[in-house]
Amino acid sequence: LGGARGGDSVKLLLTHPVGSQFVRQALRAFEDAGLLAEYWTSIARVPESSWDAFLPQSLRVELRRRSYEEDILSKTRRYPVLEAARLTASRAGWRSLVRHETGRFSTDAVIRGLDARVAKRLRRGGIDAVYAYEDGAFDSFLAARDCGAERIYELPIGHWRLGRRLFKEEAELNPEWAGTLEGLQDSDEKLARKDEELRLAGTIVVPSQFVADSIVECPGVSARVNVVNYGCPAPAEIRAGPRNGPLKVLFVGSLGARKGVPYLLEAVRGLSVELTLIGPKPGMPCPPLESGLREHRYLGSVPRPRVLEEMRAHDVFVFPTLFEGLANVLMEALSQGLVPITTPNSGAGGIIRDGVNGYVVPIRSSEAVRGALEELSRDHDRLIDMRRQALATAEANSWDRYRRLLVEVVSPVGVVHQ
């Protein structure tokens, strides 16, 4: 970060409302490098609390996702009011309060509320750089520009214009699934803020070349774009014995058209495979989805340890997404030795080599997904070899590697962009 100002160490502030897995890895990277001064979020807590026993199970699971290590917690600043209200309203079924964008306690309200608080903090000075994410950087970057602080922006998913084109095409092709395409619901104001965040950024970080290429959709972006692939957990061991029953196929993700679920359900129709689906249902009714879930094993939303457990019990991970950045769940599947079947739009280009450690198939191609599944069902030796290749890929793309590369990208930032 261009060295110390006035001989002092660099002070970086990172902000994110919920602390996703890639956010936690960035926090660890910056903390270990001596860069992290403050972390701003909504709810943060110690891993275990004496109050946990008095909370409903669903709330305990949610709060465990908001726990952090002590050294990160010591630098954490919380703004929990809106997020606590959102969680309460969601569980109570008060839909108007959490309605997309317009609800008083919507996800957008939570993100923008935190962004405003961070902007206020930046104007007090003492911070050299702010690291922010899509939708939560606009006010912070304006304040950082005024204060002469660096503006580092992470775009975790492809640019919205590319996504919107794909979603409109999908709504025409599969109108029964159109209600699951939440990306079509964003207002013009929200989309304009997304573009302005990119233009305000001094440095841009993305998880894949797919995302980097999509940024050309936004005019006026002058910042350098740096690709830093997300990482994988430590590789697990796989069973390599004789085939016992049909091919076990897993999908994890939100159960909508963006993730390619219509094409997955079509691909397995009539195949001798066992399909398990994990993930939340869309907010809108979707009859073909409900029909498909009745035909297969559906677990709903489950905690991450259970997801990894299910991965270890399966052979193949099918993720035929239309629009992504680089999904953590895809990297986790590699780490558990599953053979991935995904698309170029997953962001896994350069990580998954078609026919070697997985399959990269065209978007909207049930036939290609089906062909890959049939090949793996017929050839057990090929399945085992590809699973071993998946584990080797996970080892080469660890979170340790991600943290090192992220610090290498951020550390040289030294020119104040105004």
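Up top is the structure these notes are about.
Fair warning: this is a prediction, and the values are worked out from it, not measured in the lab.

**Q** I'd like a description of the pattern of salt bridges, backed by residues and values.
**A** With the rule as written, the count across this model stands at 33 salt bridges. Residue glutamate 324 pairs with lysine 259 through a salt bridge whose shortest N-O separation is 2.9 Å. A residue pair is termed long-range when its members are at least 10 positions apart, and glutamate 324 in the loop between β11 (316-319) and α14 (328-335) and lysine 259 in the loop between β8 (247-252) and α11 (261-268) qualify at 65 residues. Across the pair, exposure class does not vary: glutamate 324 and lysine 259 are buried alike. Glutamate 310 is paired through a salt bridge with arginine 297; the nearest N and O atoms lie 3.0 Å apart. In this pair, glutamate 310 sits in helix α13 (residues 304-312) while arginine 297 sits in strand β10 (residues 297-300), placing the two residues 13 residues apart along the sequence. Overall, the relative accessible area of 7% leaves glutamate 310 in the buried class.

**Q** Lay out the sheet that holds strand β3 (residues 76-78) in plain terms, naming residues and giving numbers.
**A** The strand order β3-β2-β1-β4-β5-β6-β7 describes an open sheet built from 7 strands, whose pairing is parallel. Only two strands of the sheet have a single partner each, and these edge strands are β3 and β7 (224-227). Each strand axis lies, on average, 20° off the axis of its neighbour in the sheet, ignoring direction. The sheet strands contacting helix α6 (residues 107-122) are β1 (12-15), β2 (36-41) and β4 (129-133), and the helix crosses β2 at an angle near 150°. Where helix α9 (residues 188-200) meets the sheet, its contacts fall on β4, β5 (150-154) and β6 (203-206), and the angle it forms with β5 comes to roughly 130°.

**Q** Quick rundown of the sheet that holds strand β12 (residues 339-342)? Include the residues and the values.
**A** Strand order in the open sheet formed by 6 strands is β10-β9-β8-β11-β12-β13, and the pairing between neighbours is parallel. Where the open sheet ends on each side, the last strands, each with one partner, are β10 and β13 (359-360). Two strands pair when backbone bridges link them, and β11 and β12 are joined in this way by 4 bridges, in the parallel orientation. Within β12, the residue paired with phenylalanine 319 across the bridge is threonine 342. Contacts between α13 and the sheet are confined to β8, β9 (273-278), β10 and β11, with β10 contributing the most and set at about 160° to the helix.

**Q** Could you give me a rundown of α14, with the residues and numbers involved?
**A** Of all 8 residues in α14, 8 are buried, a share of seventy percent or more. Those residues of α14 that fall on the buried side of the exposure criterion are Asn328, Val329, Leu330, Met331, Glu332, Ala333, Leu334 and Ser335. In the stretch just after α14, glycine 337 is the one whose phi turns positive, near 80°.

**Q** How would you summarise the pairing of β4 if you had to cite specific residues and measurements?
**A** Across the 5 residues of β4, 5 count as buried, placing the element largely inside the fold. Because side chains alternate across β4, one face comprises the buried residues Ala129, Tyr131 and Tyr133, and the other comprises Val130 and Ala132, equally buried. Note: β1 against β4, 3 bridges, orientation parallel. Its bridge partner lying in β4, leucine 13 is registered against valine 130. Taken together, the 5 bridges between β4 and β5 define a ladder with parallel strand orientation. Within β5, the position partnered with tyrosine 133 by the bridge is glutamate 154. Once the chain exits β4 it traverses helix α7 (residues 138-147) before rejoining the sheet at β5, and the crossover so formed is right-handed.

**Q** I'd love a proper account of the packing of helix α15 (residues 366-378) against helix α16 (residues 380-396), names of residues and values included.
**A** The description of two packed helices rests on the angle between their axes and on the distance between the axes. Across the interface, α15 lies against α16 with an axial gap of 5 Å and an inter-helix angle of 110°. Overall, the two elements α15 and α16 adopt an arrangement that is roughly perpendicular. Contacts between α15 and α16 involve Glu375, Leu376 and Arg378 on the former and, on the latter, His380, Arg382, Leu383 and Met386. Considering only residue class, the contact of α15 with α16 consists of 3 nonpolar, 1 polar and 3 charged.

**Q** Tell me about the pairing of β1, and please be specific about residues and values.
**A** Because side chains alternate across β1, one face comprises the buried residues Leu12 and Leu14, and the other comprises Leu13 and Thr15, equally buried. Pairing of β1 with β2, which is carried by 4 bridges, proceeds in the parallel orientation. When the sheet's bridge partners are listed, leucine 12 is paired in β2 with leucine 36. Traced from β1 through helix α1 (residues 21-32) to β2, the parallel crossover comes out right-handed.

Cut-offs used in this document
Residues numbered from 1 in each chain as written. Predicted model: local features only at pLDDT ≥ 70, side-chain atom pairs only at ≥ 80, totals over all residues. Heavy atoms only, no water. Salt bridge = Lys/Arg side-chain N within 4 Å of Asp/Glu carboxyl O. Helix = DSSP H or I, 4+ residues; strand = E, 2+ residues; numbered from the N terminus. Buried < 20%, exposed > 50% of the residue type's maximum accessible area, 1.4 Å probe, protein only. Pairing = 2+ DSSP bridges. Axes fitted to C-alpha atoms, helices over the stretch in contact; angles between N-to-C directions. Contact = heavy atoms within 4.5 Å. Right-handed = clockwise from strand over helix to strand, strands pointing away. Parallel < 35°, antiparallel > 145°, perpendicular 65-115°, else oblique. Nonpolar A, V, L, I, M, F, W, Y, C, P; charged D, E, K, R; others polar.

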